[in-house]
Amino acid sequence: MILKEDNRQGGTELAVFYLDNRVINFDPFNVEVTAG
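These numbers were taken from a predicted model, which means no experiment stands behind them.

Asker: I keep staring at the overall build of the chain and nothing clicks. Help me out?
Answerer: When its secondary structure is counted, the chain shows 1 helix and 0 strands. Based on the C-alpha atoms only, the size of the chain along its principal axes is roughly 30 × 30 × 15 Å. Going through the 36 residues of the chain one by one, you find that 3% of them count as buried. Carbon and sulfur atoms form 56% of the exposed surface of the chain, whose accessible area is close to 3900 Å².

And the structure:
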């Protein structure tokens with residue numbers, strides 16, 4: 001379990017990602033994971 005504040009922050013960051021990258025419902029997109 002995570003704190004509700006952390007969950008809310010994650011949702012906010014995901015929404016910003018969608019807006020910044022113009023992702024709308026059901027749009028496919030790729031996520032590339034790279035070493036930090």
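Asker: Where do I start with the packing of aromatic side chains in this structure?
Answerer: The relation between two aromatic rings is expressed through the spacing of the ring centres and the mutual angle of the planes. Inspection of every chain in the model, using the stated rule, returns 3 aromatic pairs. Grouping aromatic residues by their ring pairs yields a cluster made of F17, Y18 and F29.

Asker: Just to check I follow, could you spell out a nonpolar patch on the surface for this structure?
Answerer: Taken together, L14, F17, Y18, F29, V31 and V33 make up a surface patch of nonpolar side chains, about 580 Å² in accessible area. Residue placement: Y18 occurs in helix α1 (residues 4-20).

Asker: Sorry if this is basic, but what is going on with α1 here?
Answerer: Residues separated by three or four positions in an α-helix point in the same direction, a consequence of the helix having 3.6 residues per turn. Look at α1: 24 Å from first C-alpha to last across 17 residues, which is about the 24 Å you get at 1.5 Å a residue. Positioned one or two residues after α1, R22 has a phi angle of 55 degrees, which is positive.

Asker: Whenever I open this one, the environment of V16 confuses me. Can you help?
Answerer: You can see V16 is positioned in helix α1. You can call V16 partly exposed: its relative accessible area is 40%. Remark: the alpha-carbon pair of V16 and A35, spanning 19 residues in sequence, is separated by 23 Å.

Asker: What am I meant to see in unusual backbone geometry here?
Answerer: Glycine aside, residues mostly have negative phi angles, and peptide bonds mostly take the trans form. Here R22, not a glycine, exhibits a phi torsion of approximately 55 degrees, which is positive. Mapped onto the fold, R22 is located in the segment after α1. Among the residues examined, R22 registers a relative accessible area of 73% and is labelled exposed. Not every positive phi belongs to a glycine, and F26 is a case in point at roughly 70 degrees.

What counts and how
- Residues numbered from 1 in each chain as written.
- Predicted model: local features only at pLDDT ≥ 70, side-chain atom pairs only at ≥ 80, totals over all residues.
- Heavy atoms only, no water.
- Helix = DSSP H or I, 4+ residues; strand = E, 2+ residues; numbered from the N terminus.
- Buried < 20%, exposed > 50% of the residue type's maximum accessible area, 1.4 Å probe, protein only.
- Areas by Shrake-Rupley, 256 points an atom, 1.4 Å probe, with all protein chains shown as cover.
- Phe/Tyr/Trp six-rings, centres within 6.5 Å; stacked < 30°, edge-to-face > 60°.
- Patch = residues over 30% accessible without salt bridge, like charges linked within 9 Å, V, L, I, M, F, W, Y side chains within 5 Å.
- Salt bridge = Lys/Arg side-chain N within 4 Å of Asp/Glu carboxyl O.
- Expected span 1.5 Å × (residues − 1).

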